[in-house]
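Okay, here's what each chain looks like letter by letter:
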There are 4 protein chains.
Amino acid sequence: MCRFLAYLGEPILLEDLVCKPRHSLVRQSLRAVEAKTVTNGDGFGVGWYGERPTPGVYHEVMPAWSDENLLSLCAHVRSGLFFAHVRASTGGGIARQNCHPFQYGRYLFIHNGQIGGYGQLRRVLESQLPDSLYEERHGATDSELLFLLVMAQILQGASPLQAVQQVLHTTEAAMQAKGVEAPLRFAAALADGEQLWAFRYASDDAAPTLYLKPQRGGCAVASEPLGDDTEAWSPMGQRQVLHLDRQGRALLAL
Amino acid sequence: MCRFLAYLGEPILLEDLVCKPRHSLVRQSLRAVEAKTVTNGDGFGVGWYGERPTPGVYHEVMPAWSDENLLSLCAHVRSGLFFAHVRASTGGGIARQNCHPFQYGRYLFIHNGQIGGYGQLRRVLESQLPDSLYEERHGATDSELLFLLVMAQILQGASPLQAVQQVLHTTEAAMQAKGVEAPLRFAAALADGEQLWAFRYASDDAAPTLYLKPQRGGCAVASEPLGDDTEAWSPMGQRQVLHLDRQGRALLAL
Amino acid sequence: MCRFLAYLGEPILLEDLVCKPRHSLVRQSLRAVEAKTVTNGDGFGVGWYGERPTPGVYHEVMPAWSDENLLSLCAHVRSGLFFAHVRASTGGGIARQNCHPFQYGRYLFIHNGQIGGYGQLRRVLESQLPDSLYEERHGATDSELLFLLVMAQILQGASPLQAVQQVLHTTEAAMQAKGVEAPLRFAAALADGEQLWAFRYASDDAAPTLYLKPQRGGCAVASEPLGDDTEAWSPMGQRQVLHLDRQGRALLAL
Amino acid sequence: MCRFLAYLGEPILLEDLVCKPRHSLVRQSLRAVEAKTVTNGDGFGVGWYGERPTPGVYHEVMPAWSDENLLSLCAHVRSGLFFAHVRASTGGGIARQNCHPFQYGRYLFIHNGQIGGYGQLRRVLESQLPDSLYEERHGATDSELLFLLVMAQILQGASPLQAVQQVLHTTEAAMQAKGVEAPLRFAAALADGEQLWAFRYASDDAAPTLYLKPQRGGCAVASEPLGDDTEAWSPMGQRQVLHLDRQGRALLAL
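Residues numbered from 1 in each chain as written. Chains lettered and ligands numbered in written order. Predicted model: local features only at pLDDT ≥ 70, side-chain atom pairs only at ≥ 80, totals over all residues. Heavy atoms only, no water.

Pairing between side chains of opposite charge can happen when their charged atoms approach one another. Scanning the model with the defined rule gives 64 salt bridges over all chains in all. In this structure, the salt-bridge partner of C:D204 is C:R185, at a minimum N-O distance of 2.7 Å. Note that C:D204 is positioned in the loop between β8 (196–202) and β9 (211–215) and C:R185 in strand β7 (residues 185–191), a separation of 19 residues in sequence. Classification of C:R185 by relative accessible area gives buried; the value is 15%. Here D:R137 makes a salt bridge to D:E144, at a shortest N to O gap of 2.7 Å. Accessibility expressed as a relative area gives 3% for D:R137, which makes it buried. Classification of D:E144 as buried rests on a relative accessible area of 4%. Overlapping salt bridges, with partners in common, bring together A:E60, A:D67, A:R96, D:E60, D:D67 and D:R96 in one network. (Salt bridge = Lys/Arg side-chain N within 4 Å of Asp/Glu carboxyl O. Helix = DSSP H or I, 4+ residues; strand = E, 2+ residues; numbered from the N terminus. Buried < 20%, exposed > 50% of the residue type's maximum accessible area, 1.4 Å probe, protein only.)

Here is the structure:
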């Protein structure tokens, strides 16, 4: 289990959410409260949109709490749409290629959760990737695979919401076909540079937590409240999706 | 293109071949002579057999020339069968998972070369992996994939030589089926803890160089001569395989 | 605060103490029990004596729990005298140069604790280093500095016990001269390839814990018991020093 | 010997100088032309000024040529004043603490060269640091030490040019006092967020090269020309200093 945050709103310094809050993501890398794994020290990453359509990304295998580059980067990069993620590996090895956010073109993706029985399912799910995305498989995690499967749907014309729904559906179908009993857990966020979607889902209705907080003309979403203002953070429900853009936000059923 | 060495003979300190010779593998990481890529600084690895049937392995993404751990390890580990490899990436990213030697059970493998048109072929070649080895795919290189394909043959009962011959054959067939014109290049070594095989092959007869030198009741094989004693190193021919064990050595046709 | 272990006895695989026990040092890197800092993920190191008078050392800035090289090394290196250390930085930055064990010639040193008011004292303590050791200052930690000060005494003819006593004395004197009220805390081990000394000391009698356990003709010393056999581990007292060699062990006053 | 570049002018993406030119600094990390050491793969760093008075910095021990974070950072950070540096270690070990640019408050510093006989001189030069800067000594390089000595002068009221002149003078005096015959070599750049100074000096008049090129209302300075437009790059003379600010540039005697 990992921890992540996503933000869409007025441009702010990344540090305002990633480093400074009393219970910031950097702090959660060392000591998460609501996670099954307290320590999230198996690498981390940030991704942000600036003046280009494609985002900047920074991945590192060290723990977030000890990386001075991260502090400096977050103190100097301002963005109106960014992701950050600290990893607690459930498999896939420690490598930058296994660190979130994953990027393809103008899309960014972060994930907390897992595909039950991934070892048995990896082959059949990878076989569903179109050739153009098969080559984009750089690491070995279930998270990168889910992202590429979502991208496959989007490249075929699906909306991000439809794409995620479709991938969750086919993944669960594959799990059932293999007789996997371990659940699919999926707290995730996806962005295209203009819009942000956050998803909370699990096949067993024990989805990893997600909280949202209105902020500076926008909204932050995080695995756990980031500050002492826990009452300002609303939990997302199971099977909910949050859609954010410059016009506002909406909570939908997933 | 990468540089590597393999040794089977009386137990020696790894440093005797990896670090100390005037043109040692560590030196080649900074300045290779016969390689297409002069600098081999995209990670490295060593693997050695000791008292256990399975080998020890050490992989690092830093250049070999600047890693003090490598110097210390090679000064203190003594082995009668070991591999070392310095990498110049032709794709696959910088990650420990992409560093040689690759290990499976008691087997070690190192490779210098490439599958022509790998991007197009990866999918079809990965689909040939049996389930048990599909899960062992940790990185994204053609070298790891070739190793797992060889292991698939071995697990089905093939000898290491048969296994490599079969994999080279099916890989070339797959390349032809896709209309790939870029060549297959394959200088490699494989060991099982008792025996060592070194292979020199290319579909276009421009196989990466390999040299061998009798040494201390055994033999060293390397991409380039390791010392000033270049006349003591015999070049292996194209389509040759060297077999080494405690009883002696033999050069065979591949 | 860090966690460490030291072993002198019949040669064993490092993994028998470093990786395998239920509460092994690798496990303590993620979840220490008796430490002020639960997570010790700011790098680690091992040092071992083999066939040479000087030890092998391996330092890494990643957390010990995620380093596959460490697992492999410890599964293949056998030694009758070795140290291992996982770091929780109290300053000095994340760098291999700041990872324990520190080595000079045939000596190894590991430390858990700190010099109170180190920022104020570093200058005066470094000025006490003789020229030959001044050049050996590679990092910025108080631990490396204490080690070099101890080595300075040893090079002048002091026994290791005398050297440590002298350095603790001059360090406390320097702290008093600067009016430092924060304590000196010093749990440490020193070895020369034949003998091992473990020290437990603090200026305020709140020295970091050390436990010892007789084992295979020798003894293990550790910051915390390594297994479920906690009753087999005897706590060392404040201001005690344990001396171990091939003939036996003795507990002395420090 | 290392390679570096510095830029002051209209804000541009860092990649325009660091990554994109045919002979960019990233390219020079793998294959420098005018340097004594062809490969500059012992870490690197960038520093840039944005909306804050203090700069952002990014240091990495990997070679610049293989770091995807660097490519992404340089593609997304725009600055009107930035430094970049690729390192070929002449001592001091591989660590982020030994990577340039060095930062103190709003100042950045990069250096190519060395203090002759540094091992003998380190002690006496470090003793010249005031207490407040002694604590800022994180690494072990002569470059960081020269920077802190320069900062000591600046904190006492010297202009950057005066400060560098003073430090070069006292360093040469210390070298003479120790009978050092190896030269002092000093190609360097210093910035305070508004102005940039580039220095070319050596005690033996064999100073490392520096070239400048007017560019976008400002100027780039680099160890070697960055593109095929070598004629557009003017070599700086020995004992010259270039001063740049938003008003223009001036070449002065050092």
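Here the idea is plain: a probe the size of a water molecule rolls over the atoms and shows the empty space left. Per the stated rule, a full pass over the model turns up eight cavities of 30 Å³ or more. Empty space within the largest cavity amounts to approximately 90 Å³. Forming the walls of the largest cavity are 13 residues, and the residues nearest its centre are D:C2, D:R87, D:T90, D:D142 and D:S143. Sorting the residues of the lining of the largest cavity by element identifies β6 (107–114) and α6 (142–155) of chain D as the ones contributing at least two each. Considered as a void within the structure, the second largest cavity measures approximately 60 Å³ in volume. Around the second largest cavity sit B:W48, B:V57, B:Y58, B:N69, B:L73, C:W48, C:V57, C:Y58, C:N69 and C:L73, which together line it. (1 Å grid on protein atoms, 1.4 Å probe; cavity = no way out; pocket = protein on both sides within 12 Å on 5 of 7 lines; lining within 4 Å. Points joined across faces, edges and corners; volume = space filled by probe spheres on them.)

Residue and element names in this part refer to chain C. All told, the structure shown has 22 aromatic pairs over all chains when counted by the stated rule. Plain terms: the ring middles of F44 and Y58 are 5.8 Å apart, the flat faces sit at 65° to each other, and that makes the pair edge-to-face. Remark: Y58 occurs in strand β3 (residues 56–60) and F44 occurs in strand β2 (residues 44–48); sequence separation between them is 14 residues. Across this residue pair, the class does not change: F44 and Y58 are buried. Centroid distance F109 to F147: 5.3 Å. Interplanar angle 10°. Geometry classified as stacked. (Phe/Tyr/Trp six-rings, centres within 6.5 Å; stacked < 30°, edge-to-face > 60°.)

All right, on to the interface of chain D and chain A then. Listed per partner, the contact involves 23 residues of chain D and 23 residues of chain A. With both chains or domains summed, chain D and chain A bury close to 1,800 Å², and 39% of this area falls on carbon and sulfur atoms. A per-residue breakdown of the area chain D buries against chain A is headed by D:R52, D:N69 and D:H76, which together make up 34% of the total. There are eight salt bridges connecting chain D and chain A. A salt bridge links A:R52 to D:E15; the nearest nitrogen and oxygen atoms lie 2.6 Å apart. Sorting the residues of the side of chain D that touches chain A by element identifies β3 (56–60) and α3 (68–76) of chain D as the ones contributing at least two each. A total of six residues in the side of chain D that touches chain A trace back to one element, the largest contributor, which is α3(D). (Contact = heavy atoms within 4.5 Å. Buried area = accessible area lost by both parts, 1.4 Å probe.)

Moving on: the environment of B:P130. Residue position: B:P130 is located in the loop between α4 (118–127) and α5 (131–134). With a relative accessible area of 28%, B:P130 lands in the partly exposed category. Sequence separation of B:P130 and B:L210 is 80 residues, and the distance between their C-alpha atoms is 31 Å. In this structure B:P130 touches A:R123 and B:A152, once residues within four positions along its chain are discounted.

Residues and elements named next belong to chain D. Two elements, strand β12 (residues 240–245) and strand β13 (residues 248–253), share six bridges in a ladder whose sense is antiparallel. Across the sheet, the residue bridging to L242 is L251, located in β13. Where β12 folds back onto β13 in an antiparallel hairpin, the turn is made up of two residues. (Pairing = 2+ DSSP bridges.)

Below, the discussion takes up the sheet that holds strand β10 (residues 218–222) of chain D. In any sheet, the strands associate via hydrogen bonds between backbone groups, in a parallel or an antiparallel arrangement. If you walk across this open sheet you meet the seven strands as β3-β2-β4-β1-β10-β9-β11 (chain D), and the pairing is antiparallel. One side of each edge strand has no neighbouring strand; the edge strands of this open sheet are β3 and β11 (234–235) of chain D. Taken together, the five bridges between strand β2 (residues 44–48) of chain D and β3(D) define a ladder with antiparallel strand orientation. Bridge assignment links D:F44 to a residue of β3(D), and that residue is D:E60. Along the sheet, helix α3 (residues 68–76) of chain A contacts β2 and β3 of chain D; its crossing angle with β3(D), the most-contacted strand, is approximately 150°. Strands β1 (3–13), β2, β3 and β4 (78–86) of chain D of the sheet are contacted by α3(D), whose axis makes an angle of about 15° with β2(D). (Axes fitted to C-alpha atoms, helices over the stretch in contact; angles between N-to-C directions.)

What follows concerns the pairing of strand β9 (residues 211–215) of chain A. All names here are of chain A. The buried fraction of β9 is high, at four of five residues. Looking at chain direction, β9 and strand β10 (residues 218–222) are connected through five bridges and run antiparallel. Across the sheet, L212 pairs through a bridge with V221, a residue of β10. Taken together, β9 and the strand that follows it, β10, pair antiparallel across an intervening segment of two residues, in which R216 is found at a positive phi of about 45°. In terms of strand pairing, β9 meets strand β11 (residues 234–235) through two bridges, oriented antiparallel. Residue Y211 lies in a different strand from β11, and its bridge partner there is P235.

The two copies are related by a screw motion: chain C maps onto chain B through a turn of 180° and a shift of 0.0 Å along the axis, at an RMSD of 0.0 Å. A rotation of that kind, with that shift, is consistent with a two-fold axis. Residue C:V77 of chain C places its C-alpha closer to the rotation axis than any other residue of that unit, at 3.9 Å. Interface residue correspondence from chain C to chain B reaches 100%, placing this contact among same-surface, isologous pairings. (Least-squares fit on C-alpha atoms with pLDDT ≥ 70 in both.)

All names here are of chain D. Across the interface, helix α4 (residues 118–126) lies against α6 with an axial gap of 11 Å and an inter-helix angle of 30°. With respect to α6, the element α4 is oriented roughly parallel. At the point where α4 passes α6, the crossing takes the left-handed sense. Contacts from Y118, R122, L125 and E126 of α4 reach α6 at D142, L145 and L149. By residue class, the composition of the contact of α4 with α6 is four nonpolar, no polar and three charged. (Parallel < 35°, antiparallel > 145°, perpendicular 65-115°, else oblique. Left-handed = near helix turned anticlockwise from the far one by under 90°. Nonpolar A, V, L, I, M, F, W, Y, C, P; charged D, E, K, R; others polar.)

The values are spatial; any link to function lies outside them.
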